[in-house]
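Given next are the chains, with one letter for each unit.
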Amino acid sequence: MSFSETTRTRAREIIARYPADRSRSALLPLLHLVQSEEGYVSPAGVEFCAEVLGLNKAQVGAVATFYTMYKRKPTGDYLVSVCTNTMCDVLGGQKVYDTLAEHLGVGHEETTADGKITLEHAECLAACDYGPVMTVNYDFFDNVEPQAALDVVEELRAGGRPMPTRGARLCTLKEMAVQLAGFADERDGAVADGGPGEPSLRGLRLAEQHGVSVPGFDPKTPIRSKAEADRAAAEAKAKAEAAKPAPAPEPAEPEAATGSTAPDVKAPDDKSPQVRTAETRQPDASTPVPDAPGTKVPVDGPAPAPRDARAAEAAGVAANPPAGDGKPAGDAAGAQERNLKEAESGTGADGADPADASGTGVRK
């Protein structure tokens, strides 16, 4: 079955009520939602719930078969449930059920030929102080007797909607399923109909007798439908908006100044010694690049000798070790000076007499 766009829109609204990682928690109201369209949870309804929640059909079917409120086969417009559990049975519940089954010609979980009434046993309806109890689409008929139960079902088959003992105005099973899915009954005044049972009011009676009350609580405050509550909220919001004072005008922004009196600040010279850094300082063209990182580049004073000149000087010293006068042996000026000294002393460079032509050191 292809579900209506209304059902699909409501399904998205139900899923949006839950956190994204807990979307499967929307399964219970979604099962009520599909039941509101078909009158029961069909295989197509199981598949629809699995599709929108990202589950498999076995997971959905396990939940749908666990709870008795989800019907697995077509159900009538009105589900009549009679409590036959211990307390209600003692008070006559089973007799009520037998009377209805004989009159309608159906048994447990069976539906009349006109599709109006589905009859079922109910284990417990949680209303033992009102027994025997019968519900129609989960609205209570208390202290019911066999003839009163027959009157209710006959009125339903005739198109009427008898007023429950407690609770709101009767609606069909599909209408009830919409409410169980989390959507309000939009029928005007439907929620305000009906009334409480006397046992439910016993606590209120005792509170009134002994002067016990909640400050500011008015027991006569009417219960409004969702539509009425929405209208009241809209009216209250409109009144609050009207009562708000007009917003004060925003102050005008000051005009932009046409001129500035602030002194001009000269940007620092990046070549100044005060602001030069290792990252930004660049040597002049005549300044050699340091051999190793971290070597300071001289800023003031004469430029150092080129690297090649220093190397050549060092090589010359190594080739010509200094003589006794501290000058290199290969130095021409130093050799002349040494010859003069030798002539004055009468000895040669090797200590021999220069007049000794034989070189033996013996003057002839």
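As the structure is a computational prediction, the values presented were derived from the model and not from experiment.

(A) Quick peek at the pairing of strand β3 (residues 117-122). The buried fraction of β3 is high, at five of six residues. Two elements, strand β1 (residues 78-83) and β3, share six bridges in a ladder whose sense is parallel. By the bridge assignment, Cys83 is partnered in β3 with Ala122. Bridge count between strand β2 (residues 110-111) and β3: two bridges; the pairing is antiparallel. The residue of β3 that forms the bridge with Thr111 is Thr118.

(B) Structural detail: the packing of aromatic side chains. Under the defined criterion, the tally for this structure stands at three aromatic pairs. An angle of 80° between the planes, with centres 4.9 Å apart, marks the rings of Phe66 and Tyr67 as edge-to-face. On the accessibility criterion, Phe66 (62% relative accessible area) is exposed. Judged by relative accessible area, which is 39%, Tyr67 ranks as partly exposed. Among the aromatic residues, those joined into a cluster by ring pairs are Phe66, Tyr67 and Tyr70. Over the aromatic face of Phe183 sits the side chain of Arg17, whose NZ or CZ is 5.0 Å from the ring centroid. The ring of Tyr130 is capped by Arg166, whose NZ or CZ atom sits 4.0 Å from the centre of that ring.

(C) Main features of the packing of helix α2 (residues 27-38) against helix α8 (residues 173-180). The interhelical angle for the contact between α2 and α8, taken along N-to-C directions, is 160°, at an axis separation of 8 Å. Classified by the angle between their axes, α2 and α8 sit roughly antiparallel to one another. Of the two possible hands of crossing, α2 and α8 adopt the one that is left-handed. Note on element contacts: α8 touches α2 through Lys174, Ala177, Val178 and Leu180, opposite His32, Gln35, Ser36, Glu37 and Glu38. Grouping the amino acids of the contact of α2 with α8 by side-chain chemistry returns three nonpolar, three polar and three charged.

(D) Here's a closer look at the packing of α2 against helix α3 (residues 43-53). Relative orientation of the contacting elements α2 and α3 amounts to 140°, with a least axis distance of 10 Å. Taken together, the axis directions place α2 and α3 in an arrangement best described as oblique. Where α2 crosses over α3, the two elements pack in a sense that is right-handed. Along the contact surface, α2 presents Leu27, Leu30, Leu31, Val34 and Glu38, while α3 presents Gly45, Phe48, Cys49, Val52 and Leu53.

Cut-offs used in this document
Residues numbered from 1 in each chain as written. Predicted model: local features only at pLDDT ≥ 70, side-chain atom pairs only at ≥ 80, totals over all residues. Heavy atoms only, no water. Buried < 20%, exposed > 50% of the residue type's maximum accessible area, 1.4 Å probe, protein only. Helix = DSSP H or I, 4+ residues; strand = E, 2+ residues; numbered from the N terminus. Pairing = 2+ DSSP bridges. Phe/Tyr/Trp six-rings, centres within 6.5 Å; stacked < 30°, edge-to-face > 60°. Lys NZ or Arg CZ within 6 Å of the ring centre and 35° of its normal. Axes fitted to C-alpha atoms, helices over the stretch in contact; angles between N-to-C directions. Parallel < 35°, antiparallel > 145°, perpendicular 65-115°, else oblique. Left-handed = near helix turned anticlockwise from the far one by under 90°. Contact = heavy atoms within 4.5 Å. Nonpolar A, V, L, I, M, F, W, Y, C, P; charged D, E, K, R; others polar.

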